[in-house]
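The lines below spell out each chain.
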Amino acid sequence: MLYTLLQSPWQCDMESLLLLLQEGDDVLLLQDGVTAALEGSQMLIKLSASPASLWVLEADVVARGLVGQISTKVPALDYTGFVALTIKHQQQVAW
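Residues numbered from 1 in each chain as written. Predicted model: local features only at pLDDT ≥ 70, side-chain atom pairs only at ≥ 80, totals over all residues. Heavy atoms only, no water.

Draft legend 1. Layout of the sheet that holds strand 4 (residues 76-77). Reading across from one edge, 4-3-2-1-5 is the order of the five strands in this open sheet, with parallel pairing throughout. Both edges of this open sheet fall to strand 4 and strand 5 (92-94), since each of them pairs with a single strand only. As judged from the four bridges shared by strand 1 (residues 2-5) and strand 2 (residues 26-29), these two strands associate in the parallel manner. Bridge pairing links Thr4 to Leu28 in strand 2. (Pairing = 2+ DSSP bridges. Helix = DSSP H or I, 4+ residues; strand = E, 2+ residues; numbered from the N terminus.)

Draft legend 2. The pattern of salt bridges, seen in detail. Overall, the coordinates contain four salt bridges when judged by the stated rule. Two residues, Lys46 and Glu15, come together in a salt bridge whose shortest N-O distance is 2.9 Å. Of this pair, Lys46 sits in helix 2 (residues 42-48) while Glu15 sits in helix 1 (residues 14-20), placing them 31 residues apart in sequence. Here Asp60 makes a salt bridge to Arg64, at a shortest N to O gap of 3.7 Å. Since its relative accessible area comes to 11%, Asp60 is described here as buried. Under the relative-accessibility criterion, Arg64 is labelled partly exposed at 33%. Salt bridges linked by common partners bring Asp32, Asp60 and Arg64 together as one network. (Salt bridge = Lys/Arg side-chain N within 4 Å of Asp/Glu carboxyl O. Buried < 20%, exposed > 50% of the residue type's maximum accessible area, 1.4 Å probe, protein only.)

Draft legend 3. Examining the pairing of strand 3 (residues 53-57) more closely. Where strand 2 and strand 3 come together, four bridges link them in parallel fashion. When the bridges of strand 3 are listed, Val27 appears paired with Leu54. Note: strand 3 against strand 4, two bridges, orientation parallel. Pairing of Leu57 across the sheet is with Leu77, part of strand 4. Note on the crossover from strand 3 through helix 3 (residues 58-63) to strand 4: the handedness is right-handed. (Right-handed = clockwise from strand over helix to strand, strands pointing away.)

In structure tokens, the structure reads:
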């Protein structure tokens with residue numbers, strides 16, 4: 001399953017999302033969701049402890065002026081990588 005987090009993690013039910021994540025799932029942080037990958041943030045710690053793979057959309061990091069503040073442990077994807085994730089997962093949930 002591909003989960004896309006589009007809003008700030010402080011404005012959604014992250015605890016419910018974390019309960020849904022399973023091995024083989026991918027979480028892509030987009031739009032304001034990229035703030036979940038801020039270095040040292042509690043949201044990053046929680047997401048990193050989940051069994052899912054975590055990704056961030058590079059264009060949204062740049063658009064929000066967060067380059068250098070996003071954890072280097074979270075791989076950045078371009079739009080081609082985003083498309084590859086959507087092809088990999090037939091089921092997707094926008095969060």
